[in-house]
Number of protein chains: 2
Amino acid sequence: MRTSGPPSPGPGAQMPGGEAPVPAAEHHDDGARTLAGLGEAGVLRLIGRELAVVEERRPWPEGSVGIGDDAALLPVSPGGTLVSTDSMAEGHDWLPTWPAGVRTRGFDVGWKAAAQNLSDINAMGGVPTALVMALTGPRRTEAAWIAGVARGLATALLRLGADECRVAGGDLGGADRAGLAVTVLGRPGAHGVLRRTMGEQDLAAVRSEGGAVVHAGSAPGWAAAGLALLLTDRAELEERWHALAPQDRPGPRELVRAVRAQLRPRPPLGAGPAGAGALACGMDVSDGLGRDADRLAAANGVQLWADEAWVAEAAAPLRRLGRLLDIAPEEWVLGGGEDYGLLAVLRPGHGVPPGFRVIGAVPSSGRVPAGHRLLGEAGWDHFA
Amino acid sequence: MRTSGPPSPGPGAQMPGGEAPVPAAEHHDDGARTLAGLGEAGVLRLIGRELAVVEERRPWPEGSVGIGDDAALLPVSPGGTLVSTDSMAEGHDWLPTWPAGVRTRGFDVGWKAAAQNLSDINAMGGVPTALVMALTGPRRTEAAWIAGVARGLATALLRLGADECRVAGGDLGGADRAGLAVTVLGRPGAHGVLRRTMGEQDLAAVRSEGGAVVHAGSAPGWAAAGLALLLTDRAELEERWHALAPQDRPGPRELVRAVRAQLRPRPPLGAGPAGAGALACGMDVSDGLGRDADRLAAANGVQLWADEAWVAEAAAPLRRLGRLLDIAPEEWVLGGGEDYGLLAVLRPGHGVPPGFRVIGAVPSSGRVPAGHRLLGEAGWDHFA
């Protein structure tokens, strides 16, 4: 990293810092560096080695069936089984090399696919119990990249606190470009499931008394700022960075934090199950605070307003990145997706659960709260 | 279909016959014909309409959570939860238009993705309870194609006898080419799970007394013959067909049966749970009888041999298709994949369960059974 230029990683560089894979599998010489060279059985062995770290820490109980059969058999989940699926595709959800010069490692893809799925279980007030992955890619895909996907996925399970989550299976298939579909299973937490729709009593109380909008997890906007950075040509980034007054230039920490937020999101996994009892409704923020708030509002026939003071506070640390990219940081905070925080409405009469903070209000019918702005559509449509 | 030419469907034709979608959703004018035009919400509505037929017949019980939240909550599965995942990619698992001129409909893709996943649960002696799908594709994908995927999937659930299986969620994402990843959940059947590996007692009995190899489901080889047909250029097919003596020319029924076997496989869903008590080990045949038998053999340290009489009998109806494509039909029977039958070893002392037939033998140690051939590696590697 040069001291005179912008501190973003150079062409072909990998993301600095980040989670050390725990513990990295030994890298035997496989004698073949691509899917085609290793063949299906070889790739499966490679993936198995990377996932062993999860297997060791979460042995399959007596009577269950792990990977290797046509299906895994998970132990009974007394409260029922939560299930959700999400996929990522090269060229759409990530670029092999971003215009900014950063390369997306397999590790990043595995991490993010795990994280965004675990987030869905968290958003239901649940605890993740198992995950399966379907990985597709061309024959020329590097074996190291595939191993990285498995390692990223395993590392996310261990680092994000998915303490009960096993890897219960996978599928390998050919495709023109790499893709990863993950399905996660979970169990309801001690306080039961958190729904997107409030119960009648909660809704009546919120409508008559008003309620608080609460949020848990990483600061909204950073993943969007990271995406904007990654999508800007490196030469342009350098030029823009030099054109800024020194005090307006973002430093290495801000740049790295934003890129990491985009590539390796950290959903607040404990927050959902711990908070479910105090929350009237909730969902994770995958498509942007505004857009997801819109959905939460529409599901309940209420309005969600953001506290201007909170918006300003959340936008402040993004100011210099905003200057660099000529974007108002509030746009990232309110419109940016992929932070995988938890957005919820507090149950009237309940305290704010640990890990959450109040970021806005649901006004009682017909009122407009002072110092707030309506949270509305400003997100991301996969096809629009 | 011309009477003078080969009766394979012409260019752009869709597969004749086949499952009538049950019941087809009403086709409202959506005012937009592609994913981009409909947007994510529009596509989700479209898919929802097609899946409603499953929803209506399998209402979600009190306390469960259907589609619409961040995750679904399935009722408690007392014996534990089976889980498996499989994906399909355009250009690899299917071609939009095959050299033979047949177009792959969304319906076919949805059907097959469902079928191959349901097969995995069947192979474990289980009953499918829920399925989620992650569908990816370019913005230009036709909405009708997407609706077809959902319809095919729903129709497969209803027609294949997956009587307890709900659609529990989905994900839509962008990708350069279409892809569909399905994850299926299940519950163990009344006889418990069927494993790929025999228990100690069964293994000892098989090793000392020998055992029978049994098979349930569609006749092996037809899906492979269908694939070979689809991959042959239409003009070449016509030429080859005309060059055959009239009595060697395959008729429309054989051609259609083969193509249907490839595009819309029919796993014998009842057979796994019904037979599990009488079976020492089993798995579904996805990569070819020889290759999967190899795996089953390796998992148990035994050999699986196919009865030559059975091979001849299975190959006989494929004789004219083999002549057309200049392939020995035994190669399809033993090497072809994607029939999704169930291959198992009978528990010594047990009768052949309904739906199964004996197709070979596991000889007691060191013996070579007369009139049999060793089932071995001759299958399909996704990357080799």
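Cut-off values and rules
- Residues numbered from 1 in each chain as written.
- Chains lettered and ligands numbered in written order.
- Predicted model: local features only at pLDDT ≥ 70, side-chain atom pairs only at ≥ 80, totals over all residues.
- Heavy atoms only, no water.
- Salt bridge = Lys/Arg side-chain N within 4 Å of Asp/Glu carboxyl O.
- Helix = DSSP H or I, 4+ residues; strand = E, 2+ residues; numbered from the N terminus.
- Buried < 20%, exposed > 50% of the residue type's maximum accessible area, 1.4 Å probe, protein only.
- UniProt positions renumbered as here; feature names shortened; annotations may be inferred.
- Contact = heavy atoms within 4.5 Å.
- Phe/Tyr/Trp six-rings, centres within 6.5 Å; stacked < 30°, edge-to-face > 60°.
- Lys NZ or Arg CZ within 6 Å of the ring centre and 35° of its normal.
- Expected span 1.5 Å × (residues − 1).
- Buried area = accessible area lost by both parts, 1.4 Å probe.
- Polar contact = N/O pair within 3.5 Å; in protein donor to acceptor, adjacent residues only side chain to side chain.
- Nonpolar A, V, L, I, M, F, W, Y, C, P; charged D, E, K, R; others polar.
- Pairing = 2+ DSSP bridges.
- Least-squares fit on C-alpha atoms with pLDDT ≥ 70 in both.

*Asks:* Got a minute to help me understand the pattern of salt bridges in this structure?
*Replies:* For side chains of opposite charge, pairing can occur when their charged atoms come near one another. The tally for this structure, following the rule as stated, stands at 36 salt bridges over all chains. Between A:Glu164 and A:Arg187 there is a salt bridge whose closest N-O contact spans 2.6 Å. Taken as a pair, A:Glu164 in the loop between helix H3 (143–159) and strand E4 (166–174) and A:Arg187 in strand E5 (residues 179–188) lie far apart in primary sequence, 23 residues in all. When its relative accessible area of 26% is taken as the criterion, A:Arg187 is described as partly exposed. For B:Arg319, the salt bridge goes to B:Asp248, with nearest N and O atoms at 3.1 Å. Of this pair, B:Arg319 sits in helix H11 (residues 319–325) while B:Asp248 is found in the loop between helix H6 (234–243) and helix H7 (252–263), placing the two residues 71 residues apart along the sequence. Taking the relative accessible area as the measure of exposure, B:Asp248 reaches 9% and is therefore buried.

*Asks:* Would you take a moment to explain the UniProt feature "binding site: Mg(2+) 3" (unreviewed entry) in chain A for this structure?
*Replies:* If you check UniProt for "binding site: Mg(2+) 3" (unreviewed entry), the listed places come out as A:Asp70, A:Asp120 and A:Asp284 in our numbering. When sequence neighbours within four positions are dropped, the list of residues in contact with A:Asp70 reads B:Ser84, B:Asp120, B:Ala123, B:Met124, B:Arg196, B:Gly282, B:Met283 and B:Asp284. On the secondary structure map, A:Asp284 appears in strand E7 (residues 279–284). Using a relative accessible area of 1% as the deciding quantity, one classes A:Asp284 as buried.

*Asks:* Can you walk me through the UniProt feature "binding site: ATP" (unreviewed entry) in chain A in this structure?
*Replies:* The UniProt record marks A:Gly170, A:Asp171, A:Arg195 and A:Ser286 with the feature "binding site: ATP" (unreviewed entry), using the residue numbering of this structure. Along the polypeptide, A:Arg195 turns up in the loop between E5 and helix H4 (200–209). Setting aside anything within four residues of it in sequence, one finds A:Arg195 in contact with A:Met124, A:Cys281, A:Gly282, B:Val65 and B:Asp69. Relative to the assigned elements, A:Ser286 resides in the loop between E7 and helix H9 (289–300). The class for A:Ser286 is partly exposed, based on a relative accessible area of 22%. Apart from the residues within four sequence positions on either side, A:Ser286 is in contact with A:Asp292, A:Gly337, A:Glu338 and A:Tyr340.

*Asks:* I would appreciate a short explanation of the packing of aromatic side chains in the present structure.
*Replies:* When we look at a pair of aromatic rings, we describe it by the centre distance and by the angle of the planes. Per the counting criterion, the structure on display carries four aromatic pairs over all chains. The ring of A:Trp241 carries A:Arg249 above its face, with NZ or CZ at 4.7 Å from the centroid. A cation over an aromatic ring shows up here: B:Arg257 above the ring of B:Trp222, its NZ or CZ 3.8 Å from the ring centre.

*Asks:* I'm lost on helix H2 (residues 106–123) of chain B in this one. Help?
*Replies:* Residues three or four positions apart in an α-helix share a direction because the helix packs 3.6 residues into each turn. Residue and element names in this part refer to chain B. The first and last C-alpha atoms of H2 sit 26 Å apart over 18 residues, in line with the 26 Å expected at 1.5 Å per residue. Counting buried positions along H2 gives 18 out of 18 residues, so the element sits mostly inside the fold. Backbone geometry just downstream of H2 places Gly125 in the positive-phi region, at approximately 75 degrees.

*Asks:* Please clarify how the interface of chain B and chain A should be interpreted in this entry.
*Replies:* Interface extent is often summarised as the accessible area lost during association of the parts. Contacts between the two partners involve 64 residues from chain B and, on the opposite side, 64 residues from chain A. Carbon and sulfur atoms make up 54% of the area that chain B and chain A hide from each other, which totals about 5100 Å². Along the contact surface separating chain B from chain A lie six salt bridges. In this structure, A:Arg196 engages B:Asp70 in a salt bridge whose closest nitrogen and oxygen atoms are separated by 3.1 Å. Between chain B and chain A we count 21 residue pairs in polar contact (both at pLDDT 80 or more) in total. Broken down by secondary-structure element, the contributors of at least two residues to the side of chain B that touches chain A are helix H1 (35–57), strand E1 (72–74), strand E2 (81–89), H2, strand E3 (126–137), strand E4 (166–174), strand E5 (179–188) and strand E7 (279–284) of chain B. Among the elements that take part in the side of chain B that touches chain A, E2(B) stands out by supplying eight residues, more than any other. Tallied by class, residues from the side of chain B that touches chain A come to 31 nonpolar, 18 polar and 15 charged. Relative to E1(B), strand E2 (residues 81–89) of chain A runs antiparallel, the two sharing three bridges. By the bridge assignment, A:Thr81 is partnered in E1(B) with B:Leu74.

*Asks:* Help me understand the relation of the copies chain B and chain A, please; the structure alone is not making it clear to me.
*Replies:* One chain copy maps onto the other through a rotation about an axis and a shift parallel to that axis. Expressed as a screw transformation, the operator carrying chain B onto chain A has a rotation angle of 180 degrees and an axial translation of 0.0 Å, and the superposed copies differ by an RMSD of 0.0 Å. What the rotation and shift describe, once combined, is the action of a two-fold rotation axis. Comparing interface residues between copies, 100% of those in chain B also lie at the interface in chain A; the contact surface is shared.

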